[in-house]
Amino acid sequence: MTPADTGASTVVDAASAASAVPDASDSRMTPGGPGYRRMSLALFLAGVATFALLYSTQALLPLISDGFGVTASDASWTVAAATGGLAVFVLPMSALAERFGRRTVMTASLAVAVTVGLLVPFAPSLPALVALRAVQGAALAGLPASATAYLAEEVRPRALVTAIGLFVAGNSVGGMSGRVITGWVAQEWGWRVAVGVIGLVAVACAVAFRLLLPAPKHFTPGSLRPRVLVRTVRDHLANPLLRRLYAIGALFMTVFGGVYTVIGYRLAEAPFSLPQGLIGSIFLVYLVGTVSASTAGRLVGRLGRRGALYLGAGTTAAGLLLSLAPSLPLVLLGLVLITAGFFAGHAVASSAVGKTAQHGRAQASALYQSAYYVGSSAGSTVGAVAFHSGGWAGTVGVGVLAVLGVVMITVSGSLAARRRAGDAPVRTPSLSR
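Throughout, residues of each chain are indexed from 1 in the direction in which the sequence is written. Selection of residues for local features in this predicted model requires a pLDDT of at least 70, selection of side-chain atom pairs for listing and counting requires 80 or more, and totals for whole chains, interfaces and linings are taken over all residues. Side-chain measures were taken over the full set of non-hydrogen atoms in the model, leaving aside hydrogen atoms and water.

### Remarks on the packing of aromatic side chains
- What counts as a ring pair is set by centres within 6.5 Å for rings of Phe, Tyr and Trp (its six-membered ring), and what kind of pair is set by the plane angle: stacked under 30 degrees, edge-to-face over 60, tilted for all other angles. Within this structure, the stated rule accounts for 11 aromatic pairs.
- An angle of 55° between the planes, with centres 5.8 Å apart, marks the rings of Phe 68 and Trp 191 as tilted. You can see Phe 68 sitting in helix α4 (residues 61–68) and its partner Trp 191 sitting in helix α11 (residues 191–212), a full 123 residues away along the chain.
- Any residue under 20% of the maximum accessible area for its type is buried, any over 50% is exposed, and the rest in between are partly exposed; the area is computed with a 1.4 Å probe on protein chains only. By relative accessible area, Phe 68 is classed as partly exposed at 23%.
- Between the aromatic rings of Tyr 265 and Phe 387, the centroid separation amounts to 6.4 Å while the plane-to-plane angle is 40°, which identifies the pairing as tilted. Within this pair, whereas Tyr 265 is found in helix α13 (residues 240–268), its partner Phe 387 is found in helix α18 (residues 361–423), the two being separated by 122 residues in sequence. For the residue pair Tyr 265 and Phe 387, the accessibility class agrees, reading buried in each case.
- Taken together, the ring pairs in this structure connect Phe 256, Tyr 260, Phe 283, Phe 342, Phe 343, Tyr 368, Tyr 372 and Tyr 373 into an aromatic cluster.
- The cationic tip of Arg 99 hangs over the ring face of Phe 100; the distance from NZ or CZ to the ring centre is 5.6 Å. Each helix is a run of DSSP H or I of at least 4 residues and each strand a run of E of at least 2, with the numbering of both proceeding from the N terminus. Charge-over-ring placement is defined geometrically: NZ (Lys) or CZ (Arg) within 6 Å of the ring centre, and within 35 degrees of the ring normal.

### Digging into unusual backbone geometry
- A cis amide bond links Ala 270 with the next residue in sequence, Pro 271, at an omega value of 10°.
- With respect to the helices and strands, the residue Pro 271 is situated in the loop between α13 and α14 (276–281).
- The backbone of Ser 273 sits at a positive phi, close to 50°, despite the residue not being glycine.
- Examined against the element boundaries, Ser 273 turns out to sit in the loop between α13 and α14.

### Notes on the environment of Ser 273
- Ser 273 gets classed as partly exposed once you look at its relative accessible area, which sits at 47%.
- Contacts: residue pairs with any heavy atoms within 4.5 Å of one another. Residues in contact with Ser 273, not counting those within four places in the same chain, are Leu 267 and Ala 268.

So, in structure tokens, the structure goes:
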């Protein structure tokens, strides 16, 4: 990718040039090499468990509303509390990962999250359910940042986007399977049984993850001192490219969180009036996200990072506008485009964070995940409020504004890079796109 695509400096140093050439002495994993398949499957399953648990109530919101006698915006807190808990705790959990190791923290996080997941079906009231979901989200905070930091350390740079894309693909499969399973189970036995089944699926994924994930070979323990953590966070927030990537992740997730929190209510109402099982099956479009996330590396190779982000934003916007049609096939096509655009943009932005951070990668990834899930919580809440006041058009309006924000941030980064390039002396030209 060109420097203008990334918003990075145009300087090409010896280290970056060397990274483009395979090094036989590099013991990090690469596709086809020892441990790569086990690692990919392990993190894929971790992604499945994370998203299945995190969004286990999203497809069930109409039933939860009926069960507790609350509005859509009240029920949406069962989603917002989980993603909000993750957003708040992802940075502290990343600090623990720097000290005790990525694999250790990921294992502990999954263990706590699946335990809480088995308690969620017994919540006696909406406040209790929201509290359990907040704890579950906080526990899951150890997964996203630790996983991307693990990959940045254990996988060769040229394979990093693909490896992170596979992890994100696991997220999409988890989000899809969780919603589809809960939809059909809830139609027969209610939402409590449905979330219980998801808890059992997550237990199986957690056990397989721990058995499969190779032990890290390139992890160096860091410090738990608050002063060191604050300095690392300050350094990351001072980096203009990282700030832009964090904002892009938050805005993409605002769209996604709002759309998928509200879509169940829209499809349950006229003119669609779909049963719960079919509403849950709508989330099969997540398979599109699995494909778009796993191919993000090739997309960046062809279009550059900036071009890939523009394509993701444009695809998402087209899907939002198409979903306004009062036709179920067109709504479904709109969801397909929204999902494809979102997962492509998310995979590109999250992998760019791992490449950009030169130290404290867990904290850099944690800040991205925190922004990302703040966007999810905001999207879930604001999207539900907009739906309550303006119908589906209100939710779409929120999404379109967020997509415009992605485009404006990407443009501003490109312009800043061009200004720096104009002020800088002539450099060695980059052969990458």
